[in-house]
Amino acid sequence: DFEVCIVVPKLSRAATGEDCVASLVRELEGAGLLVERVRGVPAEFIKLSASMGILGRAASEMQMKKLTCIGMELQFEWEQVAAFVRQPDGSLFSWRERFTCFRYLIYGIVNKTNSEISLKFDDKEFYWKQNESLLRRLEDEGVVKLVFPLHEEIKRKQLLRNWALNWHDFTWQPIDEVYSYFGTKIATYFAFLGMYTRWLFFPAVSGLATQLIDFGSFQWLVLPAFFIFVISWAVFFLQFWKRKNSALLARWGINYSFAEYKASANELEPIRHYLSIEREEEKNFDDAPAEKRRLQRNEWSGVLLRIRNNAIIVLGIICLQLPFELAYAHLYEKTETEALSIIQGLVERCLSF
């Protein structure tokens, strides 16, 4: 399937020689890409596709980082492709990674000759300089109008059927398929919306109960209690979303980033030197428990600090908002005249903001 498209304008007149678009197509084919030219009414479209081997070698040349089966994020190597984790849909690269490889291939076409090359498009003539990207030069000259990814019709229709037009469960979403097709940002956005929609069930039911049920003499406590419940709901929702987000990123191979890890001889040399010293000299192990206790102390200090900050925020909101809620509950019980009913509505609107 074609995955990337380059848009160029149509020639205003018949070309006498080879134009720069034909040169671009020839260079793209020389880079190993499959090219198809489609002449439309307003412009011409150059559709591109590539085999997995071409994309894999491009990723290796780019030194792309990918998660391995042992949990490490290492530099991708096409010869060791079996050692790297695949996407949830079974593909080797996500769409973002494939598009990055495509950009590397098409923008990596440079003039490797020892002289400038003359290019023509209609009546315009310009020069392709040494070690200059051909596509970048065509963009600067206005020949290439746009470079954008194409939809994959099979996956698009599958998402339309299983996601957009799924009327059986409004909250279920194929998040892994969305991630594989649209990328991390879009998938995380819709995962958040799905979880938020499900969690809105609890404050919706509680708010409906406060309006429909008569609590008698305890009616004045209903709104403050509902207010405290909503604050607690927001705190719990935020914490559970953090856990879900971390689980999604870990499942997609994004959470565990070991970018600083390099499995090279230079980085392993200090380890070998340390081991040789350890064999020759006696090691004092008294520092290890102290270091462990220090790390545990810092970890617990961070947890207690977060708890303290959350408690201060919740108590501050309660102290600032509770008097207004109590006053509103009192007016709700005592108001009988139309004028005070209008004031009550205005207060309710202010509190909702």
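As recorded in an unreviewed UniProt entry, the protein goes by the name Anoctamin transmembrane domain-containing protein, listed as coming from Aegilops tauschii subsp. strangulata. As its UniProt record puts it under Subcellular location (unreviewed entry), the protein is described as follows: "Membrane".

*Asks:* Where do I start with the overall build of the protein in this structure?
*Replies:* The helix and strand tally for the protein stands at 12 helices and 8 strands. Residue burial in the protein is summarised as follows: out of 353 residues, 30% are buried. Pairs at least 24 apart in sequence give 57% of the contacts found in the protein among residues at least 6 apart.

*Asks:* Got a minute to help me understand unusual backbone geometry in this structure?
*Replies:* Most peptide bonds adopt trans geometry, and most residues besides glycine take a negative phi value. Even without being glycine, glutamine 63 reaches a positive phi, approximately 60°. Along the chain, the position of glutamine 63 falls in the loop between helix 2 (52-62) and strand 4 (65-67). For glutamine 63, a relative accessible area of 48% translates into the label partly exposed. Within the chain, asparagine 131 stands out as a residue other than glycine whose phi angle is a positive 55°.

*Asks:* Could you clarify how one ought to interpret the UniProt feature "transmembrane region" (unreviewed entry) in the protein in this entry?
*Replies:* Feature annotation in UniProt assigns "transmembrane region" (unreviewed entry) to the following positions: residues 189-209, 221-241 and 303-324. With 95% helix and 0% strand, residues 189-209 has end C-alpha atoms that lie 31 Å from one another.

*Asks:* Would you take a moment to explain the side chain of serine 49 for this structure?
*Replies:* Within the fold, serine 49 resides in strand 3 (residues 43-49). Dropping the residues within four chain positions of it, serine 49 is found in contact with Asp1, Phe2, Leu33, Leu34 and Phe102.

*Asks:* How should the pattern of salt bridges be read in this particular structure?
*Replies:* Opposite charge on two side chains permits them to pair, given that their charged atoms come into close proximity. Following the criterion strictly, the structure yields 7 salt bridges and no others. Lysine 66 serves as the salt-bridge partner of glutamate 97, at 3.1 Å between the closest nitrogen and oxygen. One end of the pair, glutamate 97, is in helix 3 (residues 95-107); the other, lysine 66, is in strand 4, and 31 residues separate them in sequence. Each member of the pair glutamate 97 and lysine 66 is classed as buried. Of the charged contacts, one joins glutamate 139 and arginine 136 as a salt bridge, the two residues approaching to 3.5 Å between their closest N and O atoms. Separated by 3 residues within a single helix, glutamate 139 and arginine 136 lie in helix 4 (residues 134-140), roughly one turn from each other. Given a relative accessible area of 39%, arginine 136 falls into the partly exposed group.

*Asks:* Would you mind going over the environment of valine 7 with me for this structure?
*Replies:* Summarising the element assignment, valine 7 is placed in strand 1 (residues 4-9). The spatial distance from the C-alpha of valine 7 to the C-alpha of phenylalanine 148 is 8.5 Å, given a sequence separation of 141 residues. In contact with valine 7, other than residues within four places in its own chain, are Ala43, Glu44, Phe45, Val143, Val144, Lys145, Leu146 and Phe148.

*Asks:* I tried to follow the sheet that holds strand 1 on my own but got confused; where do I start?
*Replies:* Remark on secondary structure: sheet strands pair via backbone hydrogen bonds, oriented parallel or antiparallel. Read from one edge of the open sheet, 4 strands run 2-3-1-8, paired in antiparallel fashion. Two strands bound the open sheet, and with one partner strand each, they are strand 2 (34-39) and strand 8 (146-149). Within this sheet the neighbouring strands show an average axis-to-axis angle of 20°, counted without direction. Where strand 1 and strand 3 come together, 6 bridges link them in antiparallel fashion. Across the sheet, the residue bridging to cysteine 5 is lysine 47, located in strand 3. Across the sheet, helix 3 touches strand 1, strand 3 and strand 8, and the angle it forms with strand 8 is around 150°.

*Asks:* Could you clarify how one ought to interpret the pairing of strand 2 in this entry?
*Replies:* It is a general feature of regular strands that their side chains alternate between the two faces of the sheet. Pairing analysis gives 6 bridges linking strand 2 to strand 3, with the strands arranged antiparallel. Paired with arginine 37 across the bridge in strand 3 is isoleucine 46. Counting the residues between successive antiparallel strands, the hairpin from strand 2 to strand 3 contains 3 residues.

*Asks:* Would you mind showing me how to read the nonpolar core here?
*Replies:* The nonpolar side chains of a soluble globular protein tend to be buried with one another. In terms of nonpolar packing, the biggest core is built from 40 residues, with Ile6, Leu28, Ile46, Leu48 and Leu138 touching the most fellow members. Of all the elements in the fold, those that place two or more residues in this core are strand 1, helix 1 (20-30), strand 3, helix 2, helix 3, strand 6 (117-121), strand 7 (124-128) and helix 4. Excluding anything up to four places from it in sequence, isoleucine 6 contacts Leu28, Glu44, Phe45, Ile46, Leu48, Leu135, Val144, Leu146 and Val147. The next biggest cluster of nonpolar side chains, apart from the first, holds 16 residues, and it includes Ile175, Tyr179, Tyr181 and Ala187.

Conventions used here
- Residues numbered from 1 in each chain as written.
- Predicted model: local features only at pLDDT ≥ 70, side-chain atom pairs only at ≥ 80, totals over all residues.
- Heavy atoms only, no water.
- UniProt positions renumbered as here; feature names shortened; annotations may be inferred.
- Helix = DSSP H or I, 4+ residues; strand = E, 2+ residues; numbered from the N terminus.
- Buried < 20%, exposed > 50% of the residue type's maximum accessible area, 1.4 Å probe, protein only.
- Contact = heavy atoms within 4.5 Å.
- Salt bridge = Lys/Arg side-chain N within 4 Å of Asp/Glu carboxyl O.
- Pairing = 2+ DSSP bridges.
- Axes fitted to C-alpha atoms, helices over the stretch in contact; angles between N-to-C directions.
- Core = buried A, V, L, I, M, F, W, Y, C linked by side-chain atoms within 4.5 Å.

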